[in-house]
Amino acid sequence: MMRSSNPALRADTFRGLSAASSDDVMTLEGTALRTGFLLLAVVCSAAFVWQKFLVSPASIMPWMLVGVIGGLVFSLVTCFKKSWAPITATGYALCEGLALGGISAIYNAQFHGIVLQAVGLTIGVLAMLVVAYATRLIRATENFKLGIFAATAGIGLVYLATWILSLFHVNIPYIHDNGWIGIGFS
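Would you explain the pattern of salt bridges in this entry?
If the charged atoms of two oppositely charged side chains come close together, the side chains can form a pair. Inspection of the entire model under this criterion finds one salt bridge. A salt bridge links Lys 145 to Glu 142; its shortest N-O distance comes to 3.4 Å. Taken together, the residues Lys 145 and Glu 142, both in helix 5 (residues 142-167) and three residues apart, mark about one turn of the helix.

Which parts of the structure should I look at to understand unusual backbone geometry?
Of all residues except glycine, most have a negative phi; of all peptide bonds, most are trans. Positive phi, normally seen in glycine, also occurs at Arg 136, with a value near 60°. With respect to the secondary-structure elements, Arg 136 resides in the loop between helix 4 (114-134) and helix 5. Residues other than glycine seldom take positive phi values, yet His 169 does so here, at roughly 60°. Positionally, His 169 belongs in the loop between helix 5 and helix 6 (173-176). Judged by relative accessible area, which is 76%, His 169 ranks as exposed.

What exactly am I supposed to notice about the nonpolar core here?
Among soluble globular proteins, nonpolar side chains are generally buried collectively. Of all hydrophobic cores here, the largest spans six residues; its members are Val 49, Phe 53, Ile 60, Met 64, Leu 98 and Ala 105. Apart from residues lying up to four places away in sequence, Val 49 is in contact with Ile 60, Trp 63, Leu 98, Gly 101 and Gly 102.

Help me out: how do you make sense of helix 2 (residues 61-80) in this one?
Along an α-helix, a turn takes 3.6 residues, which lines up residues three or four apart on a common side. Compared with the 28 Å implied by 1.5 Å per residue over 20 residues, the 29 Å span of helix 2 between its first and last C-alpha is a close match. Check the buried side of helix 2 and you find it contacts helix 3 (85-110).

Parameters at a glance
Residues numbered from 1 in each chain as written. Predicted model: local features only at pLDDT ≥ 70, side-chain atom pairs only at ≥ 80, totals over all residues. Heavy atoms only, no water. Salt bridge = Lys/Arg side-chain N within 4 Å of Asp/Glu carboxyl O. Helix = DSSP H or I, 4+ residues; strand = E, 2+ residues; numbered from the N terminus. Buried < 20%, exposed > 50% of the residue type's maximum accessible area, 1.4 Å probe, protein only. Core = buried A, V, L, I, M, F, W, Y, C linked by side-chain atoms within 4.5 Å. Contact = heavy atoms within 4.5 Å. Expected span 1.5 Å × (residues − 1).

Keep in mind that these numbers describe shape and distance, not what the molecule does.
In structure tokens, the structure reads:
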């Protein structure tokens, strides 16, 4: 088992749970369907706050606070009452949509188009991974997990180094000046 300081992933997290009957087994198709439903919940609540921002930018702060605080509450409830997860996941997704919709609207007002790029890339990657898992094109073996971790850590280090260098007014032209190409190769 992997070590983690996350309270949801303690060594005894799954101890005491009864064995699942064949009706309770999680399937890949069910997981893909649930993922799609939760993504739809996030997008709908984010679009709601985004629309509020277009009417009156100051009106979104209460919605964002509800999203942040509600998301925290739903995540804590899920950590300590795992059997409630099917219900709390939807509440968490709706709250996160409220928070992310407001944050995205604010960033889009300052940096026009950045949100469309980020959301498009995120949804595209999610969709392709769900399809790849559902069609069994990829399997989550230990080597696959290690490769994903290494790639993600490498991208994270590039972003961290770029951010630290930007504090000293060092601009990395290939990443900063090339739009989609810089995002794709960073």
